[in-house]
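Chain by chain, the residues:
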Amino acid sequence: MKGTSYNTVILHWDECQTAWAELPWRDWVRFRGFGEGGASLLAGAEAGEHYFLVCVLGDAGELANVIPHRYVLSTDGRLVHGFDGLGASEREEYYRIQRLLLPTIEDSERCNELSSCGFTVNLPPLHTVQPLLRALPGLAGAQHGAACWDFLSAIGICHASTRAN
């Protein structure tokens, strides 16, 4: 699994507490099925939709990227369904392009288009944005051109202007 516990913070939306809570790396790895035994389990989680944010930090602790995830969990805390925003034929096309050693410009553009569907469908709901501002690590230090701004702008957060009014 890409990322490490040293440069990655996992946030999980807790609907009952109406807050984002940090999820330990080990729990995230186990939930995604990358731990020992390969079971996709999140102990103590209620059944239903869950939102997670994988927050990648830079060397100085600044927010570098945010990757949203949305899953449906069963009553026993197991991952039942992930969202990618694609239909069956689009998913096949996406995986086909991903396997190409030398994709054409058109293939690359189509892959980006299909990938953006998955990004959008995984964005957290609007009512979670205000609490997210309090929980998001390294936001104040996010660099102007960092990948995190794709996520932040998609949820309505803009970086401050450096020009005087």
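Per chain, residues are indexed from 1 in the order of the written sequence. This being a predicted model, a pLDDT of at least 70 is required before a residue's local features are given, and a value of 80 or more before pairs of side-chain atoms are given or counted; all residues contribute to the totals for chains, interfaces and linings. As a rule here, side-chain values come from all non-hydrogen atoms in the structure, and water together with hydrogens is ignored.

**What to know about the packing of aromatic side chains**
Going by this rule: Two rings belonging to Phe, Tyr or Trp (six-membered ring only in the last case) form a pair when the distance between their centres is within 6.5 Å. Interplanar angles under 30 degrees mark stacking, angles over 60 mark edge-to-face geometry, and anything in between is tilted. Secondary structure elements follow DSSP: runs of H or I no shorter than four residues count as helices, runs of E no shorter than two count as strands, and numbering proceeds from the N terminus. Partly exposed residues are those whose accessible area sits between 20% and 50% of the maximum for their type, while under 20% is buried and over 50% is exposed, using a 1.4 Å probe and protein chains only. Note on criteria: charge over ring means Lys NZ or Arg CZ within 6 Å of the ring centre, with the direction from the centre no more than 35 degrees off the ring normal.
Counted according to the given criterion, the structure contains seven aromatic pairs. With a centroid separation of 5.3 Å and 50° between ring planes, the pair formed by W28 and F52 is classed as tilted. Here W28 is found in helix α1 (residues 25–31), whereas its partner F52 is found in strand β3 (residues 48–57), with 24 residues between them in sequence. Taking the relative accessible area as the measure of exposure, F52 reaches 0% and is therefore buried. Geometrically, the ring pair formed by F52 and Y71 is tilted, given 6.0 Å between the ring centres and 55° between the ring planes. With F52 in strand β3 and Y71 in strand β4 (residues 63–73), the pair connects residues that are 19 residues apart, well separated along the chain. Comparing F52 with Y71, the two get one shared label, buried. The structure contains a cluster of three or more aromatic residues connected by ring pairs, namely W28, F31, F52 and Y71. Lying across the ring of F83, R70 places its NZ or CZ 3.7 Å from the centre.

**So, the sheet that holds strand β1 (residues 8–14)**
The test is simple: Strand pairing is assigned whenever DSSP detects at least two bridges linking the two strands. Helix axes use the C-alpha atoms of the stretch in contact, all axes being lines fitted to C-alpha atoms, and the angles between their N-to-C directions lie in the range 0 to 180 degrees.
The five strands lie next to each other as β2-β1-β3-β4-β5, forming an open sheet whose pairing is antiparallel. The sheet is open, and its two borders are formed by β2 (19–23) and β5 (79–82), each paired with just one other strand. Averaged over all pairs of adjacent strands, the angle between strand axes in this sheet comes to 35°, irrespective of strand direction. Looking at chain direction, β4 and β5 are connected through three bridges and run antiparallel. Bridge assignment links Y71 to a residue of β5, and that residue is G82.

**Regarding helix α3 (residues 105–121)**
Filter applied, for reference: Residue count minus one, scaled by 1.5 Å, sets the expected span of a helix. Comment: arc refers to directions from the helix axis out to C-beta atoms.
Across its 17 residues, α3 extends 25 Å between first and last C-alpha, which sits within 8% of the 24 Å expected from 1.5 Å per residue. Where α3 is concerned, the buried positions are D107, C111, L114 and G118. Along the axis of α3, the buried positions cluster into a sector of 70°, meaning they face one direction only. Within α3, the exposed residues directed more than 90 degrees away from the buried face are I105, E106, N112 and T120.

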